[in-house]
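# Residue-level structure breakdown
As a plain string of letters, each chain reads:
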Amino acid sequence: MLTEKYNKLQSILRDMGSVVVAFSGGVDSTFLLKAAVETLGEGRVLAVTADSETYPSSELEEARVLAKKIGVKHQVIETSELAIPGYAENNKNRCYFCKSSLFDHLLPVMEEKGFHNVIYGVIADDMNEHRPGMQAAKEKGIRGPLLEANLFKQEIRELSQQFDLPTWDKPSFACLSSRIAYGEYITKEKLTKVERAESYLKSLRIRQVRVRTHDEIARIEVEPNDMKIVLENHDSIVRELQEYGYKYITLDLLGYQSGSMNKVLA
């Protein structure tokens, strides 16, 4: 079954001829980039990463390393989600504005470099989640080969391991804005606060972490097995996060949940 899906993915990519890959360095876009290079050859693939205030600098550096490992041309473009009308207001369609702007930046790159398609790492799992960015992709003719091949996250991890990609077991990641409660205005200061808080928690050997921000409250999400690390280090965590600007520090007993902020949209 997995071999059949990968063969279908390759067939989809071959039909495209050449592609610009929206490359974040995450599990899905890294595998998509690798598959594109394996199928089309490095000369028909360009990886493009957006450098913006909504992603930690560490993610950009990791994307550079991964592109080099895969052996593909890599271009970094500067974007600013906070400058997009409607984005900072942080309503339920925030991701639509983000993806729409990203694709508006990628399409001219595609035309300038002579490529035929822009593709991104949407996957089958995303069909069951709140993903307004998919509407932006549909409107602008952006393809999602992993979704078209009906590949799910766990399958992508398995294939990534087969390709010896270091991202095969990388924790899932989303932009820093996803940590801020809907309706709460997004600012550069708040994004920096989230980035610093999560970076500190990761320094305690916690791999999967979210610091969900509700005004002055930090709601920490980690895997259940890592809750003991939070509790054992609660004094230093409180001290650090209060220094970053949070007044109340909480641990969510439900643990890490992808897209947990979307519960209020039900």
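Structure: see above.
Here the structure is a predicted model, which means the values were calculated and not measured.

### Topic: the overall build of the protein chain
In terms of regular secondary structure, the protein chain is built from 10 helices and 7 strands. A compact globule built from 266 residues should have a C-alpha radius of gyration of about 18 Å, and the protein chain, at 19 Å, falls within 12% of that. Its C-alpha atoms put the protein chain at 55 × 40 × 35 Å along the principal axes. Taken over 266 residues, the protein chain has a buried fraction of 51%. Within the protein chain, residue pairs in contact and separated by at least 24 positions form 74% of the contacts whose partners lie at least 6 positions apart. By element, 49% of the accessible surface of the protein chain is carried by carbon and sulfur atoms, the whole surface being about 12800 Å². The average position of the 35 basic charges and that of the 39 acidic charges among the side chains of the protein chain differ by 1 Å.

### Considering the packing of aromatic side chains
On inspection of all chains with the given rule, the structure shows 6 aromatic pairs. Seen in terms of ring centroids, Tyr-55 and Phe-173 are 5.8 Å apart; in terms of plane orientation they differ by 45°. Their pairing is tilted. Here the residue Tyr-55 occupies a position in the loop between strand S2 (45-51) and helix H3 (57-70), and Phe-173 occupies one in the loop between helix H7 (153-162) and helix H8 (188-202), the gap between them amounting to 118 residues. Residue classification places Tyr-55 among the partly exposed residues on the basis of a relative accessible area of 29%.

### Looking at helix H2 (residues 27-40)
The end-to-end C-alpha separation of H2 is 20 Å, in line with the 20 Å expected for 14 residues at 1.5 Å each. Following H2 by one or two positions, Gly-41 has its phi on the positive side, about 95°.

### Focus on the pattern of salt bridges
Tallied over the full model, the rule gives 15 salt bridges. When the shortest N-O distance is used, the salt bridge between Lys-5 and Glu-155 registers 3.0 Å. In this pair, Lys-5 is assigned in helix H1 (residues 2-16) and Glu-155 in helix H7, connecting sequence segments 150 residues apart. A single burial state applies to Lys-5 and to Glu-155, both of which are buried. The shortest N-O distance in the salt bridge between Glu-216 and Lys-247 comes to 3.3 Å. With Glu-216 in the loop between strand S5 (209-214) and strand S6 (217-222) and Lys-247 in the loop between helix H10 (234-244) and strand S7 (248-251), this pair connects stretches of sequence that are 31 residues apart. With relative accessibility at 31%, the residue Glu-216 sits in the partly exposed group.

### What about the sheet that holds S7?
As summarised here, the arrangement of the 3 strands in space is S5-S6-S7, forming an open sheet in which the pairing is mixed. Since the sheet does not close on itself, it has two edges, and those belong to S5 and S7, each with one partner. With direction set aside, neighbouring strand axes in the sheet form an average angle of 25°. In this structure, S5 lies alongside S6, joined through 6 bridges in antiparallel fashion.

### As for unusual backbone geometry
Here the phi dihedral of Asn-150 falls at roughly 60°; this positive angle occurs in a residue that is not glycine. With respect to the secondary-structure elements, Asn-150 resides in the loop between helix H6 (145-148) and H7. Among the residues examined, Asn-150 registers a relative accessible area of 38% and is labelled partly exposed. Backbone geometry places Asp-215, a non-glycine residue, at a positive phi of 60°. If you trace the backbone, Asp-215 turns up in the loop between S5 and S6.

### Brief notes about the sheet that holds strand S4 (residues 117-119)
The strands that make up a sheet are held in pairs by hydrogen bonds between backbone atoms, and each pair lies either parallel or antiparallel. Strand order in the open sheet made by the 4 strands is S3-S2-S1-S4, with parallel pairing throughout. Two strands in the sheet have a free side with no partner beyond their single neighbour: strand S3 (73-78) and S4. Along the sheet, successive strands turn relative to each other by an average axial angle of 25°, direction set aside. Where strand S1 (residues 19-22) and S2 come together, 4 bridges link them in parallel fashion. Paired with Val-21 across the two strands is Ala-47, which belongs to S2. Contacts from H2 reach S1, S2 and S4 within the one sheet, and its direction differs from that of S1 by about 165°.

What counts as what
- Residues numbered from 1 in each chain as written.
- Predicted model: local features only at pLDDT ≥ 70, side-chain atom pairs only at ≥ 80, totals over all residues.
- Heavy atoms only, no water.
- Helix = DSSP H or I, 4+ residues; strand = E, 2+ residues; numbered from the N terminus.
- Rg over C-alpha atoms; globule rule 2.2 N^0.38 Å.
- Buried < 20%, exposed > 50% of the residue type's maximum accessible area, 1.4 Å probe, protein only.
- Contact = heavy atoms within 4.5 Å.
- Areas by Shrake-Rupley, 256 points an atom, 1.4 Å probe, with all protein chains shown as cover.
- Lys, Arg positive; Asp, Glu negative; His and termini not counted.
- Charge placed at Lys NZ, Arg CZ, Asp CG, Glu CD.
- Phe/Tyr/Trp six-rings, centres within 6.5 Å; stacked < 30°, edge-to-face > 60°.
- Expected span 1.5 Å × (residues − 1).
- Salt bridge = Lys/Arg side-chain N within 4 Å of Asp/Glu carboxyl O.
- Pairing = 2+ DSSP bridges.
- Axes fitted to C-alpha atoms, helices over the stretch in contact; angles between N-to-C directions.

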